[in-house]
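# Structural characterization, general
Residues per chain, in single letters:
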Amino acid sequence: MAFPVDLRRCQALGLAGTAFLALGGETAGALPTRALLSPASGRGALGLVCVYFGVVLLIAAWALLGQVVRGPEPPTPRALLVVLLVWAAPLLLAPPLFSRDVYSYLAQGAMVDAHMDVYAHGPARLGGPLADEVAPVWRHTATPYGPVFLAVASALSALTEGRIPEGLIGMRMVALLGVALMAVALPRLARHHGGDPAVALWLGALNPLVLLHLVAGAHNDAIMLGLLGVGLVAARGRRHALGVVLVTLAALVKAPAALGLLAVVVMRSRTGWVRTTVTTLAVAAGTTAGVTALTGTGYGWIAALRTPVSPHNWSPTTLLGRATTNLLRGLGSDLAPFALPAWRAAGLVVTLAVVLFIWLRLRPGPVHALGLSLAAVAVLGPAIRPWYALWGLFLIAAAARNTSAQHRLVAATGVLALAVLPSGNPADTEQLALAVCGGVLAVVVLWQAHQAALAPALERTA
């Protein structure tokens, strides 16, 4: 006998999930250093249990909403946007969750505002309270972000005068703008590809990874994806130049979005490959030069793309590099220092090969191909984080009509949503145990609710 599911129940369950997330984040989130609690403290432990209780509730709400979206009376895109707003509401004033990157953004914005070269120096050069909030591994690291994001961060720094609470809220508003642009683009891209706009919104915008990392974590990937999405919509229509400008702006937030220019060229190829390519490159180059001149940050972000990755990173190439390094050291080989760079270089070569295979052999359509390519970049690159999965997932959600592909995305989302602690720090055994307790408690509560909902029907059939 099926569990009774409707839009209102899903909305309420997801709201409960994000409310527990926000509540637990008050003691277990990526708090300012002066407010950090020891994970072993009672409040810290309770907060961690509370966060993972909320994460599992949110995943369950999203999975059940997928049944409603695919049901006989699916909700309209507008109704789904209301659900997204309701789910996001508790997170708006919550502390940062699952990462401390937002503090790096604020410090980098303050550096630009103070006319420091963020492509040559890390936040440690800034000094003061903002630099102290940046994760130690990034304090001496140059930023790889482009001039568009740095201009936004600098403007926010000037507006908030370097105050951390106001800066955190401002950066979250920027991320929300990005999510709003994603939500605008998804139904339109889905219609262009003969897909279901409601399914695209459910999979690409109401996705738990969006709420956990783009809203709660305030990552700049949100504004990158938002600009990329609306740029593809514009290019798909009759506004080729506008589309190129928007996709270029997305790439000037984070470099992977530059692959979107390839999608734009393929979209417009009916007007002639050579003409389309030349026009696209000319508009992209002009946009880059104009934005760089206006922001005054220079082109140092190109060299800064070689910024070293976190030592705790768990991308496949980095894991293989570490394993090979340890093996060679155990054998006493002098080649050990070269293992990690070699594996990362191999990852880049394989990424290029996969991207070429997608575009030249699979040829699933420009938006779908772009989504698969960005997924390959995220998985095979030297660094991976759960929110990087959204690079490809966002576009695949709009373009993929294969139900099995959607099921794989759902499974990947469920795993990645549980992969990072709310503090953004590496996990130890005690914290993992607390996280598991929170998740198991949520499963028990959901099972009891399921049984309670079925009880009246069972009594009527008895």
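Analysis parameters
- Residues numbered from 1 in each chain as written.
- Predicted model: local features only at pLDDT ≥ 70, side-chain atom pairs only at ≥ 80, totals over all residues.
- Heavy atoms only, no water.
- Helix = DSSP H or I, 4+ residues; strand = E, 2+ residues; numbered from the N terminus.
- Rg over C-alpha atoms; globule rule 2.2 N^0.38 Å.
- Buried < 20%, exposed > 50% of the residue type's maximum accessible area, 1.4 Å probe, protein only.
- Contact = heavy atoms within 4.5 Å.
- pLDDT = per-residue confidence, 0-100.
- Phe/Tyr/Trp six-rings, centres within 6.5 Å; stacked < 30°, edge-to-face > 60°.
- Core = buried A, V, L, I, M, F, W, Y, C linked by side-chain atoms within 4.5 Å.
- Salt bridge = Lys/Arg side-chain N within 4 Å of Asp/Glu carboxyl O.
- Axes fitted to C-alpha atoms, helices over the stretch in contact; angles between N-to-C directions.
- Parallel < 35°, antiparallel > 145°, perpendicular 65-115°, else oblique.
- Left-handed = near helix turned anticlockwise from the far one by under 90°.
- Nonpolar A, V, L, I, M, F, W, Y, C, P; charged D, E, K, R; others polar.

### Concerning the overall build of the chain
- Helices and strands together make up the secondary structure of the chain, namely 20 helices and 0 strands.
- Relative to the 2.2 N^0.38 estimate, which gives 23 Å for 462 residues, the radius of gyration of the chain is 23 Å and therefore close to what a compact globule would have.
- The principal-axis extent of the C-alpha atoms belonging to the chain is close to 70 × 55 × 55 Å.
- Looking at the 462 residues of the chain, the share that counts as buried comes to 52%.
- Counting only contacts in the chain whose residues sit at least 6 apart along the sequence, the fraction spanning at least 24 positions is 75%.

### Describing the side chain of Thr288
- Relative to the helices and strands, Thr288 resides in helix 13 (residues 273–295).
- The contacts of Thr288, once residues within four sequence positions are left out, are Thr248, Leu252 and Tyr299.

### With respect to the confidence of the model for the chain
- Confidence along the chain averages 89 in pLDDT terms, with 95% of residues attaining 70 or more.
- Mean pLDDT across the secondary structure elements of the chain bottoms out at helix 14 (residues 300–304), with 79, and peaks at helix 9 (residues 208–215), with 97.

### Notes on the packing of aromatic side chains
- Evaluation of the coordinates by the stated rule reveals 7 aromatic pairs.
- The interplanar angle of 75° and the centroid separation of 4.8 Å between the aromatic rings of Phe20 and Phe53 together place this pair among those described as edge-to-face. Within this pair, whereas Phe20 is found in helix 1 (residues 7–28), its partner Phe53 is found in helix 2 (residues 42–69), the two being separated by 33 residues in sequence.
- For Phe20, a relative accessible area of 31% gives the class partly exposed.

### Considering the nonpolar core
- Counting 131 residues, the largest nonpolar core has Leu65, Trp87, Leu232 and Leu395 as its most contacted members.
- Among the elements that make up this core, the one with the highest residue count is helix 2 (18 residues).
- If sequence neighbours within four positions are ignored, Leu232 has contacts with Leu189, Val247, Gly260, Ala263, Val264, Met267, Val367, Leu370 and Leu395.

### Some details on the environment of Ile358
- Tracing the sequence through the fold places Ile358 in helix 16 (residues 336–362).
- Remark: the alpha-carbon pair of Ile358 and Asp334, spanning 24 residues in sequence, is separated by 38 Å.
- Sequence-distant contacts of Ile358, that is, excluding residues within four places in its chain, are made with Arg363, Pro364, Ala369, Leu372 and Ser373.

### A word on the pattern of salt bridges
- Scanning the model with the defined rule gives 5 salt bridges in all.
- Where Arg163 meets Glu166, a salt bridge forms, and the shortest distance between an N and an O atom there is 3.3 Å.
- Note on Arg163: relative accessible area 37%, which makes it partly exposed.
- For Glu166, a relative accessible area of 36% translates into the label partly exposed.
- One salt bridge connects Lys254 with Asp221, and the closest N-O pair in it is separated by 3.1 Å. With Lys254 in the loop between helix 11 (240–251) and helix 12 (260–267) and Asp221 in helix 10 (residues 221–236), this residue pair connects regions lying 33 residues apart in the sequence.
- By relative accessible area, which is 8% here, Lys254 ends up buried.
- By sharing partners, the salt bridges in this structure join Glu161, Arg163 and Glu166 into a single network.

### Details of the packing of helix 10 against helix 12
- As a packed pair, helix 10 and helix 12 sit with axes 10 Å apart at the nearest point and diverge in direction by 15°. The pairing of helix 10 with helix 12 is recorded here as roughly parallel in orientation. Two packed elements cross with a definite hand, and for helix 10 against helix 12 that hand is right-handed. Between helix 10 and helix 12, the residues in contact are Leu228, Leu232, Ala235 and Arg236 and Gly260, Ala263, Val264 and Met267, respectively.
- Per-class residue counts for the contact of helix 10 with helix 12 are 6 nonpolar, 1 polar and 1 charged.

### Considerations on unusual backbone geometry
- Of note, His115 is a non-glycine position whose phi angle comes to about 60°, a positive value.
- For His115, the location among the structural elements is in the loop between helix 4 (101–113) and helix 5 (128–133).
- At Ala218, a position not held by glycine, the phi torsion is positive, near 55°.
- Its place among the elements puts Ala218 in the loop between helix 9 and helix 10.
- Accessibility expressed as a relative area gives 4% for Ala218, which makes it buried.

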